[in-house]
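Coordinate analysis (summary)
What follows is the residue order along each chain.
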Amino acid sequence: MPKRVATRRADRVTIAMVASAAGVSVPTVSKVLNGRDAVGPETRRRVQDALEATGYQRRARSEPRKVGLVDFVITELDTAWASELLRGAEQEAYRLGARLVLTVTHDRQANPREWLAAIASRPTDGVVLVGSGTQHLGAARLRTIDAPFVVVDQVGGFDKDIPTIGATNWAGGFAATEHLVDLGHRRIGMITGPDGVPCSMERLDGYRAALRRAGLPVDERLIRPGDFYPESGRRGAADLLDLPEPPTAVFAASDQQAAGVYEEVHARGLRVPDDLSVVGFDDTEVCEWTTPKLTTIRQPLAQMAMLAVRNVLEAEHPAEEPLRLELSTSLVIRDSTAAPSETSSKQA
C-alpha cells in the first residue's frame, strides 16, 4: 500500500509527493500520468493507488504554443498518387496558417529510427504518415511521437487506438469488378497490390466477392501479384495474356499498374478496350493521359490528406475515441472498358 502523505488542504500535492508515497521515482509517476508503456503493471498499480490516496490533481494544461509546422512523412514523391496526397496536405496546411516539413523515406521497409528521432528533436504541431510502408512500424513506435498524428490509407492495419484515414478499398474492388461483369466479361483478371498491405488485400477481397455475387468462379490463375508500380502491371498482364484462355478484362489495383497493362497490350499489337478492358484504382492524373482514357475507382486522395492535416492541427486534447475514417470510393467510367468482343478471348 502507498504511504500516506500528510498535507494541508491548501497545499498542492506534487508529483514528488506521489512518488514518495508510491516508493518510485518522479519520472515513473510522470510516465503513468502520460500513459507511457514502459511501466510494469505492479508499479503502475502502486502509482495509481498513490495518486488516489494523496488526492493528486493534475494541473490543467494551457494550450500548447503552435509552431506552425506539420511533419508529412511519405515513402516516395515520384508518383501521381503521392502528388495528389501532397497537394491536399499542402493546401490545408496553408489554409490553416501552417507549413509542411517533408520527410521522404524512399525505402518502404526502411528503419524509421532516424526520421522518428528527427521529428522528436524539434517542435511540431502534428505528424501525418502516408503510404504502404508505415504498417510495419507498430503501434508502440508510433506512440513515441509526442504530438498529434494520423496514419493515412491504412485503415485496418493498426490497433484500434491508432488514428487513421483511409478509403473504402473493399467497396472499390467490388465496384470495379462488378462494372466488368455488367459489361458481359466472364474471365476477369486481377493484378494485386503488395501482399499483406491492408488496402491491397481489401481490393482483392472486393474483386473475389463481386465474382461470387455474379455466380462466377474465382480462378486463382487469373490473379497476379503486383506492387502498385507500372512494371508489375506489365509483368502481370504478360502472364495473363499468355494463358491458354486469357481474360477479356483486367482490374489493376492501381492506376500505375493499369498503365503497365497498357504497355504490354500495345507491345503485342492489341488494343484497349477492343481486345482487353482495363480498370485501375486511385483516379490520378494518369487516367487522363492514357490512350484511351482509363476507367478507374476514384479514391479521394487529396481529401484524405486534407482531413489528416486538419485533424492534427486542430487537436487540442487527446480524443476519447481515436479517429477512424473511411472515405467513399466511386467508379469513374471512361474509355478503357467495353463489352468483350467475339475475338477478345483469342488475343494471346
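Residues numbered from 1 in each chain as written. Predicted model: local features only at pLDDT ≥ 70, side-chain atom pairs only at ≥ 80, totals over all residues. Heavy atoms only, no water.

Let us now look at the sheet that holds strand 3 (residues 127-130). Strand order in the open sheet formed by six strands is 2-1-3-4-5-11, with parallel pairing between adjacent strands. Strands with a single pairing partner mark the edges of an open sheet, and in this sheet they are strand 2 (99-104) and strand 11 (324-327). For this sheet the average axis-to-axis angle between neighbouring strands, irrespective of direction, equals 20 degrees. As judged from the four bridges shared by strand 5 (residues 164-167) and strand 11, these two strands associate in the parallel manner. Paired with Thr164 across the bridge in strand 11 is Arg324. With respect to the sheet, helix 4 (residues 80-95) is in contact with strand 1 (69-74), strand 2, strand 3 and strand 4 (149-152), its orientation differing from that of strand 2 by roughly 155 degrees. (Pairing = 2+ DSSP bridges. Helix = DSSP H or I, 4+ residues; strand = E, 2+ residues; numbered from the N terminus. Axes fitted to C-alpha atoms, helices over the stretch in contact; angles between N-to-C directions. Contact = heavy atoms within 4.5 Å.)

This part is about the nonpolar core. The biggest cluster of nonpolar side chains holds 37 residues, and the ones touching the most others in it are Ile188, Tyr207, Phe251, Val261, Val265, Leu276 and Val278. Of all the secondary structure elements, the ones that give two or more residues to this core are helix 7 (169-182), strand 6 (188-191), helix 8 (198-213), helix 9 (230-241), strand 8 (249-252), helix 10 (255-267) and strand 9 (277-282). With residues up to four places along the chain from it excluded, the contact list for Val278 reads Val250, Ala258, Val261, Tyr262, Val272, Leu294, Thr295, Ser336 and Thr337. Residues Leu85, Ala89, Val128 and Leu307 belong to the second largest nonpolar core, which totals 25 residues. (Core = buried A, V, L, I, M, F, W, Y, C linked by side-chain atoms within 4.5 Å. Buried < 20%, exposed > 50% of the residue type's maximum accessible area, 1.4 Å probe, protein only.)

This part covers the sheet that holds strand 7 (residues 223-224). Read across the open sheet, the six strands follow the order 7-6-8-9-10-12; overall the sheet is mixed. Both outer strands of the open sheet, strand 7 and strand 12 (330-332), are each paired with one neighbouring strand and no more. Relative to strand 9, strand 8 runs parallel, the two sharing three bridges. By the bridge assignment, Phe251 is partnered in strand 9 with Val279. Against the sheet, helix 9 contacts strand 6, strand 7 and strand 8, and its axis sits at roughly 150 degrees relative to strand 6.

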